[in-house]
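Topology and contacts: notes
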Amino acid sequence: GLAKLYTEFLRAEGFDVIDSDNADRFDYEKSQIVVTRNDYKKGTFLAAIMGIDTKDIVIDNASDVFYDLELLIGIDYRELSSYSNAIQHYSVVH
């Protein structure tokens, strides 16, 4: 599904994807990035690659996790500029 598609795409873009589970729910209207370790710059870098507006970056400093970013793919995924690139990458790899 989408998790696998974007996992492979983001790894090819140089990201260390450590987990690619489904989100806690499936009704996110907009894709968003959660910055969990005070590194907004990494969040904006991922946003640029994904085609996610920076207003859809959420800061969660209260989170006690070991990863820097969390990517939540919303129902707008087909509108992301990265979608066609991810599809093309996936087609080449498989």
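On a predicted model such as this, the values are computed, not experimentally measured, just so you know. (Residues numbered from 1 in each chain as written. Predicted model: local features only at pLDDT ≥ 70, side-chain atom pairs only at ≥ 80, totals over all residues. Heavy atoms only, no water.)

Working definition: the strands of a sheet are paired by backbone hydrogen bonds and lie parallel or antiparallel to each other. The three strands are arranged 2-1-3 in an open sheet whose pairing can be described as mixed. Looking along the sheet, the strands with just one partner apiece sit at the ends: strand 2 (57–59) and strand 3 (69–72). Each strand axis lies, on average, 20 degrees off the axis of its neighbour in the sheet, ignoring direction. Direction of pairing for strand 1 (residues 32–35) relative to strand 2: parallel, over a ladder of three bridges. Across the sheet, Ile-33 pairs through a bridge with Ile-57, a residue of strand 2. (Pairing = 2+ DSSP bridges. Helix = DSSP H or I, 4+ residues; strand = E, 2+ residues; numbered from the N terminus. Axes fitted to C-alpha atoms, helices over the stretch in contact; angles between N-to-C directions.)

Side chains bearing opposite charge may pair, as long as their charged atoms lie close to each other. The tally for this structure, following the rule as stated, stands at six salt bridges. Its salt-bridge partner being Lys-42, residue Asp-68 comes within 2.7 Å of it at the nearest N-O pair. Note that Asp-68 is positioned in the loop between strand 2 and strand 3 and Lys-42 in helix 2 (residues 40–50), a separation of 26 residues in sequence. Residue Asp-68 is classed as partly exposed on the basis of its relative accessible area, which comes to 25%. Its salt-bridge partner being Lys-55, residue Asp-56 comes within 3.8 Å of it at the nearest N-O pair. Look at Asp-56 and you get buried, because its relative accessible area is 14%. According to the relative accessible area criterion, Lys-55 is exposed, its value standing at 60%. (Salt bridge = Lys/Arg side-chain N within 4 Å of Asp/Glu carboxyl O. Buried < 20%, exposed > 50% of the residue type's maximum accessible area, 1.4 Å probe, protein only.)

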